[in-house]
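Below are the chains, spelled out letter by letter.
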Amino acid sequence: MSVNLRPGAMPLADWRAIYRGADLSVDRSCQGQVERGAEAVQELLNSGRAVYGVNTGFGKLAQSRIAEAELAELQKRLVLSHAAGVGSAMPDAIVRLMMALKLASLGRGVSGVRWQVIETLEAMLKGGLIPQIPAQGSVGASGDLAPLSQLAAALIGVGTVKFGDKLLDAAEGLSRLGLDPLKLGPKEGLALLNGTQFSTAYALAGLLEAERAFKSALVTGAMSVDAAMGSYAPFDARIHDCRGHQGQIDAAAAYRTLLEGSEVNASHHDCAKVQDPYCLRCQPQVMGAVLGVLRQSAATLATEANAVTDNPLIFPDGPDAISGGNFHAEPVAFAADMIALAIAEIGSMSERRQAMLVDPNLSGLPAFLSPAPGLNSGFMIPQVTAAALVSENKQRAAPASTDSIPTSANQEDHVSMAAHGARRLMEMGENLYAIIALEWLTAGQGLDFHAPLTSSSPVEAAKAVLRAEIARLEDDRFFAPDIERATAMIADGAIENVAELPGVSA
């Protein structure tokens, strides 16, 4: 798949495709606007006006005027001095997404860069040249300066890039693609390193992983309902229409779809049980609230992904250079905090269902889902593992956006903390995939006790995918490989498409 990158007009589906590995090309219809922006920068310089970051210093040094002969050197030194990040390298998929987001922002034509800058960045993406960028060092205001500077450094031939499975000097990597290192013009270094693309890339990646986890947890939650011979009454549309939350309505509909036609359910229509525990009964309410939060975050991030967030902005009509604060990533920080809450709650409900299934007093199934409990421990410790991961995610879900620390000699006196607020989502998402995988294993084991009765077609399909790779637990065996394999399958989307399920774009 190839995405036509249209600056300012990219739907979430296109960012999802890019994150999942799609190629892209920048729509050439934006070239004229980009070139007008670059010409406006030159007009402003010719007028003799002081323009922040073009012929002045930066931040607290904005009052320093820079001579015309030193303007190119100013941009180069800006990039080199700001490339001050630390820590492990960003994942390649998120670097690609960040590069695409930067292209979309520059392509709006109000950042003052030449078309050559866009062509070089696009060529790197198409050619698979991935800058190696330390993931720590941004506070999410005045732009994601340190990581975006590392990206900018690669364009001028400084730093390290990945090409295939090799790490190369950036200049050599550019040469492999037939490119020369960029010689930055006025404003171009600042346009490259100023902006929210690091935070937005991580937040988008976290959102898309949360979406996959959400759909997978709908499936495993439905499996747990039938494994516990739970009631379908809580999914009745009339209940949810009375409350009115669209996410809840959609989640309840998803459970009805996932469970329709189950022989297991038909077998206990006349049972004496009146109500199930909340982990089964309140799934539409909790997962519906999660869906609403994810959709709100998706709307925020879709807007941010199409935004221009460097400073100052160059408006060719005039021309004008206007300093503002679009680099402040508060919207991204809020979205990341909401996604973190959603991830924590999906996992919390999943773990409670696992705890319910292994407890014979609640599930009516053999203790710890072992055919021979006592000699065998069965699913005793997998539930402990799920509990540990849930608690990790609860701790990580504390809001990042409420924190701030002044930087740049108090010039930048309030910051968003969007960068690490978004970055934590990836580890939280990995934990969540493991929690859901553990429920998949647990609920699958529970369903096996009801044979020869079958569940619904979607639930049986999800169980069949599991059993194609991982056998039913008879006697205790080395559990770790089963959990590792199931987690990888959930992360790859193995069961998210067993039925038509609601997503974050609705």
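Since this is a predicted model, take the numbers as computed values, not measurements. (Residues numbered from 1 in each chain as written. Predicted model: local features only at pLDDT ≥ 70, side-chain atom pairs only at ≥ 80, totals over all residues. Heavy atoms only, no water.)

1. A look at the packing of aromatic side chains
For the structure on display, the rule yields 5 aromatic pairs. Considering the side-chain rings of Phe379 and Phe479, the 5.1 Å spacing of their centres and the 75° angle between planes classify their relative orientation as edge-to-face. Taken together, the residues span a long stretch of sequence, with Phe379 in the loop between α16 (360-363) and α17 (380-396) and Phe479 in the loop between α19 (457-467) and α20 (480-491) at a distance of 100 residues. For Arg472, the ring lying beneath its charged end belongs to Phe449, and the centroid distance is 4.9 Å. (Phe/Tyr/Trp six-rings, centres within 6.5 Å; stacked < 30°, edge-to-face > 60°. Helix = DSSP H or I, 4+ residues; strand = E, 2+ residues; numbered from the N terminus. Lys NZ or Arg CZ within 6 Å of the ring centre and 35° of its normal.)

2. Re the environment of Asp476
Looking at where Asp476 falls in the secondary structure, it is placed in the loop between α19 and α20. Overall, Asp476 belongs to the partly exposed group, its relative accessible area being 38%. When the C-alpha positions of Asp476 and Glu330 are compared, they lie 50 Å apart, and in sequence the two are 146 residues distant. Beyond its immediate stretch of four places on either side in the chain, Asp476 contacts Leu375, Asn376, Ser377 and Gly378. Of note is the side chain of Asp476, whose polar atom sits 2.7 Å from the backbone nitrogen of Ser377. Within polar-contact distance, the side chain of Asp476 engages the backbone nitrogen of Gly378 at 3.0 Å. (Buried < 20%, exposed > 50% of the residue type's maximum accessible area, 1.4 Å probe, protein only. Contact = heavy atoms within 4.5 Å. Polar contact = N/O pair within 3.5 Å; in protein donor to acceptor, adjacent residues only side chain to side chain.)

3. Let's talk about the packing of helix α9 (residues 197-227) against α19
In contact at an axis separation of 10 Å, α9 and α19 are set at 105° when each is read in the N-to-C sense. If you check the angle between α9 and α19, you find them roughly perpendicular. Touching Val219, Ala222 and Met223 of α9 are Val459, Ala462 and Lys463, all from α19. Counted by class, the contact of α9 with α19 contains 5 nonpolar, no polar and 1 charged residues. (Axes fitted to C-alpha atoms, helices over the stretch in contact; angles between N-to-C directions. Parallel < 35°, antiparallel > 145°, perpendicular 65-115°, else oblique. Nonpolar A, V, L, I, M, F, W, Y, C, P; charged D, E, K, R; others polar.)

4. Re the layout of surface pockets
Taken as a whole, the largest pocket encloses approximately 630 Å³ of empty space. If you go around the largest pocket, you meet 32 residues; those closest to its centre are Tyr52, Gly57, Phe58, Gly59 and Lys60. Elements that contribute at least two residues to the lining of the largest pocket include exactly α3 (71-82) and α8 (188-193). Residues of the lining of the largest pocket, tallied by class, amount to 12 nonpolar, 14 polar and 6 charged. Put simply, the second largest pocket is a space of about 340 Å³. In this structure, the second largest pocket is lined by 17 residues; those nearest its centre are Pro91, Arg423, Met426, Glu427 and Glu430. Taken together, the elements giving at least two residues each to the lining of the second largest pocket come down to β3 (86-89), β5 (134-136), α9 and α18 (418-448). Tallied by class, residues from the lining of the second largest pocket come to 8 nonpolar, 4 polar and 5 charged. (1 Å grid on protein atoms, 1.4 Å probe; cavity = no way out; pocket = protein on both sides within 12 Å on 5 of 7 lines; lining within 4 Å. Points joined across faces, edges and corners; volume = space filled by probe spheres on them.)

5. Looking at the sheet that holds strand β7 (residues 166-169)
If you trace the 3 strands from one edge of the open sheet to the other, you get β4-β6-β7, paired in antiparallel fashion. Across the chains shown, the open sheet's two edge strands, defined by having one partner strand only, are β4 (129-131) and β7. Between one strand and the next, the sheet's axes are offset by a mean angle of 35°, whatever the strand orientation. Of the strand pairs in this sheet, strand β6 (residues 160-163) and β7 are connected by 4 bridges, and their pairing is antiparallel. Across the sheet, Thr160 pairs through a bridge with Asp169, a residue of β7. Against the sheet, helix α4 (residues 92-106) contacts β4 and β6, and its axis sits at roughly 95° relative to β4. (Pairing = 2+ DSSP bridges.)

6. Comments concerning empty space enclosed by the protein
Tallying each qualifying case throughout the model produces 2 cavities of 30 Å³ or more. Its boundaries defined by the atoms lining it, the largest cavity holds a volume of some 40 Å³. Lining of the largest cavity is provided by Phe379, Leu441, Gln445, Arg467, Ile470, Ala471, Arg472, Leu473, Arg477, Phe479 and Asp482. Grouping the amino acids of the lining of the largest cavity by side-chain chemistry returns 6 nonpolar, 1 polar and 4 charged. Of the pockets and cavities examined, the second largest cavity occupies roughly 30 Å³.

7. Things to note about the pattern of salt bridges
All chains considered together, the criterion is met by 25 salt bridges. Close ionic contact of Arg176 with Glu172 constitutes a salt bridge, the shortest N to O distance being 3.0 Å. Here Glu172 and Arg176 lie together in helix α7 (residues 170-176), a separation of 4 residues that amounts to about one turn. Take Arg176: its relative accessible area is 43%, and that puts it in the partly exposed class. The partly exposed category is assigned to Glu172, whose relative accessible area is 38%. Note that Arg472 is salt-bridged to Asp448, the shortest N-O span being 3.7 Å. (Salt bridge = Lys/Arg side-chain N within 4 Å of Asp/Glu carboxyl O.)

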